[in-house]
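Residues per chain are reported as follows:
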Amino acid sequence: MGDNHHHHDIDTMGDRRLGWAIAINMVLTLAQVIGGIVSGSLALIADALHNFSDAAALLIAWAARKISRKPPDYFKTFGYKRAEVIAALINLVTLVIVGLYLIYEGLWRLYEPQAIEGWTVVIVAGIALVIDVVTAILTYSMSKHSMNIRAAFLHNISDVLASVGVIGAGSLILLYGWYWTDTALTLLIAGYVLYQAATLLPRTIHILMEGAPEDISIEDVIDAMARVAGVSNVHHVHLWQLDEHKNALEAHVVIDDFGRSETIKTALKAELVQRFSIVHSTLEFEVDHCPESVNSLPANSTSH
């Protein structure tokens with residue numbers, strides 16, 4: 001009971017941090033958009049859009065955390081933890097759209113250059129830098145245990161770098177009148193946004209496609225199960241991720257004595273948890289009618 005209460009307190013504190021991060025980032029986004037329109041800086045608007053995507057990512061992650069805590073029911077027998085993975089997918093697709101839009105706007109600006117008010121850019125970007133650092137601090141500890149929060153944290157770090165870059169571009173405009181630096185920075189921000197999305201999307205899709213955990217070899221799992229006393233053969237193995245932190249397995253296990261099935265099952269489940277962190281396993285036992293059978297993964301079996 002004490003552990004559950006402690007965990008609830010941590011969750012509540014995490015939700016509160018997310019709430020503050022969302023609020024200040026939404027205010028910052030509005031300020032950056034106004035500053036970008038007033039100054040004529042596309043880089044400032046680009047930074048605002050990126051920052052808005054971060055605020056939206058935090059909002060979606062917050063909602064997903066709430067949903068993921070719901071217990072399993074008749075409609076979602078594995079529970080709702082995968083809601084956080086779905087949230088990550090939404091956030092990353094949004095990043096791709098934002099990145100492509102920024103590239104479009106940046107290239108269009110090359111054909112139609114506009115005057116830019118350097119001081120407005122520097123002042124607004126300076127405020128953004130402070131808020132980005134505060135947001136990164138609020139989400140840092142939470143980012144260690146969640147794909148969504150980790151992605152949002154990385155976005156905030158990139159925002160810090162973008163704000164520094166915008167300040168630099170504004171300074172160059174003030175000192176030398178180099179308006180092209182605004183467009184160049186916009187393209188750099190867009191490229192970094194797309195790089196982040198390309199890095200995180202494959203893993204997110206892999207989980208939603210019920211792929212096997214990347215750090216677990218299905219052959220090693222079969223071999224470990226086959227070494228348990230009383231096991232003759234392991235086949236029709238399916239291995240997949242329930243969510244970011246939980247793995248599941250189902251398999252047919254051939255044993256030499258049905259009378260020892262409970263003992264063998266206990267030993268197998270303990271081996272799966274201890275060696276591979278497979279917390280959910282469904283094992284179907286069969287009697288060994290073919291002693292010379294070889295432990296293997298049949299060609300027609302699939303791993304999820």
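Given the structure is predicted, the values throughout are model-derived calculations rather than measurements.

Caption draft 1: Highlighting the overall build of the protein chain. Helix and strand counts for the protein chain stand at eight helices and three strands. Traced from its N-terminal end to its C-terminal end, the protein chain shows the element sequence α-α-α-α-α-α-α-β-β-α-β. Partitioning the contacts of the protein chain with sequence separation of at least 6, the portion at a separation of at least 24 is 76%. Split by element, the accessible area of the protein chain, about 15,800 Å² in all, is 66% carbon and sulfur.

Caption draft 2: Quick look at the UniProt feature "transmembrane region" (unreviewed entry) in the protein chain. The sites that carry the UniProt feature "transmembrane region" (unreviewed entry) are, in the present numbering, residues 18–38, 85–104, 116–140, 160–178 and 184–201. Measuring from the first to the last C-alpha atom of residues 18–38 gives 30 Å, for a span that is 100% helix and 0% strand. When the span residues 85–104 is considered, its composition is 100% helix and 0% strand, and the gap between its end C-alpha atoms is 29 Å.

Caption draft 3: Highlighting the packing of aromatic side chains. Evaluation of the coordinates by the stated rule reveals one aromatic pair. The residue whose ring lies beneath Lys-70 is Tyr-80, and the NZ or CZ to ring-centre distance is 4.4 Å.

Caption draft 4: How the structure looks around helix H8 (residues 261–276). Its 16 residues give H8 an end-to-end C-alpha distance of 22 Å, which sits within 8% of 22 Å, the value for a rise of 1.5 Å per residue. Regarding H8, the residues found buried are Ser-261, Ile-264, Leu-268, Leu-272 and Phe-276. Considered in projection along H8, the buried side chains sweep an arc of 70 degrees and stay on one side of the axis. Residues of H8 that are exposed and point over 90 degrees away from its buried face: Glu-262, Thr-263, Thr-266 and Gln-274. Buried residues along H8 sit in contact with helix H7 (218–226), strand E1 (231–241), strand E2 (247–255) and strand E3 (278–287). Just past H8, the residue Ser-277 takes up positive phi, approximately 55 degrees.

Caption draft 5: Representation of the sheet that holds E3 within the structure. Spatial strand order, E1-E2-E3: three strands in an open sheet with mixed pairing. Either end of the sheet is taken by a strand with one partner, and the two such strands are E1 and E3. The mean inter-strand angle of the sheet, taken between neighbouring strand axes irrespective of direction, is 15 degrees. Where E2 and E3 come together, nine bridges link them in parallel fashion. Considered in E3, the bridge of Ala-251 is made with Leu-283. Packing against the sheet, H7 makes contact with E1, E2 and E3, and its axis sits at approximately 145 degrees to E1. Running over the sheet, H8 touches E1, E2 and E3 and is turned about 145 degrees from E3.

Caption draft 6: Spatial organisation of the nonpolar core. In this structure, Val-221, Met-225, Leu-239, Leu-249, Val-253, Leu-268 and Leu-283 are the most contacted members of the largest nonpolar core, which totals 23 residues. Elements supplying a minimum of two residues to this core: H7, E1, E2, H8 and E3. Examining the composition of this core, we find that five residues originate from one element, H7, more than from any other. Not counting the four nearest positions on each side in its chain, Met-225 is found in contact with Val-231, Val-234, Leu-249, Ala-251, Val-253, Leu-268, Leu-272 and Leu-283. Counting 18 residues, the second largest nonpolar core, distinct from the first, contains Leu-102, Ala-125, Ile-189 and Leu-201.

Caption draft 7: Just the pairing of E2, in detail. Of all nine residues making up E2, seven are buried, and the element is well covered by its neighbours. For E1 and E2, the ladder comprises eight bridges, and the chain directions are antiparallel. By the bridge assignment for E2, Val-234 is matched with Val-253. The β-α-β motif built from E2, the intervening H8 and the parallel element E3 has right-handed crossover chirality.

Caption draft 8: Expanded view of the packing of H7 against H8. The interhelical angle for the contact between H7 and H8, taken along N-to-C directions, is 140 degrees, at an axis separation of 10 Å. Looking at the two axes, H7 sits oblique to H8. Considering the relative orientation of H7 and H8, their crossing is right-handed. Residues Asp-220, Val-221, Ala-224 and Met-225 of H7 form the contact with H8, whose participating residues are Leu-268, Glu-271, Leu-272, Arg-275 and Phe-276.

What counts and what doesn't
- Residues numbered from 1 in each chain as written.
- Predicted model: local features only at pLDDT ≥ 70, side-chain atom pairs only at ≥ 80, totals over all residues.
- Heavy atoms only, no water.
- Helix = DSSP H or I, 4+ residues; strand = E, 2+ residues; numbered from the N terminus.
- Contact = heavy atoms within 4.5 Å.
- Areas by Shrake-Rupley, 256 points an atom, 1.4 Å probe, with all protein chains shown as cover.
- UniProt positions renumbered as here; feature names shortened; annotations may be inferred.
- Phe/Tyr/Trp six-rings, centres within 6.5 Å; stacked < 30°, edge-to-face > 60°.
- Lys NZ or Arg CZ within 6 Å of the ring centre and 35° of its normal.
- Expected span 1.5 Å × (residues − 1).
- Buried < 20%, exposed > 50% of the residue type's maximum accessible area, 1.4 Å probe, protein only.
- Arc of directions from axis to C-beta.
- Pairing = 2+ DSSP bridges.
- Axes fitted to C-alpha atoms, helices over the stretch in contact; angles between N-to-C directions.
- Core = buried A, V, L, I, M, F, W, Y, C linked by side-chain atoms within 4.5 Å.
- Right-handed = clockwise from strand over helix to strand, strands pointing away.
- Parallel < 35°, antiparallel > 145°, perpendicular 65-115°, else oblique.
- Left-handed = near helix turned anticlockwise from the far one by under 90°.

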